[in-house]
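Structural overview for review
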Amino acid sequence: MLQYVRIFVGGKDETMKQRQIGSLHVSVVGLGCNNFGKRLDEKESAAVVDAALEAGINLLDTANIYGDGRSEEFIGRALASRRERVVIATKFGSRMKGEGKGARPAYIRKAIETSLRRLGTDRIDLYQLHEPDSTVPIEETLGALAELVEAGTVREIGCSNFTVDQIRAADAAAREGAARFASVQNEYSLMHREPEAGVLAECERLGLAFLPYFPLASGLLTGKYRRGRPAPDGTRLAEKRFANELSDRNLATVEDLIRFAEARGRTILELAISWLLARPVVASVISGATSPRQVEANARAAEWELTEEELDEIDAIGTAAGR
């Protein structure tokens, strides 16, 4: 459901679009906090959070493993008395140094206590299973999460990196009247369109919100990587392990998308985010940022509403590239 909230940005009255994740109202552009405690120190992280709030972004998405727990700590201290202005989404389940991993009820109860302490809050708005755990029946995981919702410690629950079959299994396993997953967070972008093979349709069928992560394809859709030019030093895709991302085919597609965006006075970053938001099932685009400037650019991208003709042309670009 698309709604609007009034905010003030730079002294001007602006309108920030919001959609829903269950009972939660979230800005259509969220802030991914995976760089906090890793690439960004506490002061730099706080500046990014400040910029997000100033831009009308109210969804902060993190995980207990980000920065080995420092991401949650930095968010908690950056928010302080502003906690009520944001929707905090965090995750559990992936291996956390010194704390374990998984989706067993006992581990969930332990994981949420440590996340609450690091975040400096008494509740988590969206608590997400970071990855499936095949060793634990999903009904056991859902049962433990439902208890947290009933206790008021968690408002909504979600999952991440789930397949269509796993989403269906979770829906079938949820007890009548008990909390069930309200969202699915998977990788999705103009360059990675796997969710179109069934996950998006399943989310629509079940009324689940979809949260795309890596919307800029690890930077490929920012415009910093160009055909015929070396990857900028110090960037993520300059690392050898990401060499496949800079294939001729991918870079040719990027050039076509850049031309498409620039012909309309826009950037490829704006195109990447607005293209995702053209899908009603997408509640919020989780965009990471390492500076206030990047936050502002991500927020502005939500202003571009693509037409059906433009969406068809973008799909034609992808088809020509063999996607």
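Residues numbered from 1 in each chain as written. Predicted model: local features only at pLDDT ≥ 70, side-chain atom pairs only at ≥ 80, totals over all residues. Heavy atoms only, no water.

Looking now at the confidence of the model for the protein chain. The predicted model of the protein chain averages 90 in pLDDT, with 89% of residues at 70 or higher. Under a pLDDT of 50 for its full length, residues 1-14 has, in the predicted model, 34 contacts with residues more than four places off or in other chains. (pLDDT = per-residue confidence, 0-100. Contact = heavy atoms within 4.5 Å.)

Ordered in space as 10-9-8-7-6-5-4-11, the eight strands form an open sheet in which the pairing is parallel. Sheet topology places strand 10 (209-213) and strand 11 (285-288) at the edges, where each strand pairs with a single neighbour. The average undirected angle you get between the axes of adjacent strands in this sheet is 30°. Sheet topology note: the strand 8 (residues 154-160)/strand 9 (residues 181-187) ladder contains four bridges and is parallel. Note on strand 9: the bridge partner recorded for I157 is F181. (Pairing = 2+ DSSP bridges. Helix = DSSP H or I, 4+ residues; strand = E, 2+ residues; numbered from the N terminus. Axes fitted to C-alpha atoms, helices over the stretch in contact; angles between N-to-C directions.)

Bringing the packing of aromatic side chains into the picture now. In the structure shown here, the tally under the stated rule is six aromatic pairs. Summarising the aromatic geometry, the rings of F162 and F181 are spaced 5.8 Å apart at their centres and angled 85° between planes, so their arrangement reads as edge-to-face. Highlighted residues: F162 in the loop between strand 8 and helix 5 (164-173) and F181 in strand 9, separated in sequence by 19 residues. Using a relative accessible area of 4% as the deciding quantity, one classes F162 as buried. Exposure remark for F181: the relative accessible area of 8% places this residue in the buried category. Following the ring pairs from residue to residue traces out a cluster consisting of Y188, F210 and W275. Residue placement shows R264 over the ring face of F260; its charged tip is 3.8 Å from the ring centre. The ring of W275 has R279 sitting right over it, with the charged end atom 3.9 Å from the ring centre. (Phe/Tyr/Trp six-rings, centres within 6.5 Å; stacked < 30°, edge-to-face > 60°. Buried < 20%, exposed > 50% of the residue type's maximum accessible area, 1.4 Å probe, protein only. Lys NZ or Arg CZ within 6 Å of the ring centre and 35° of its normal.)

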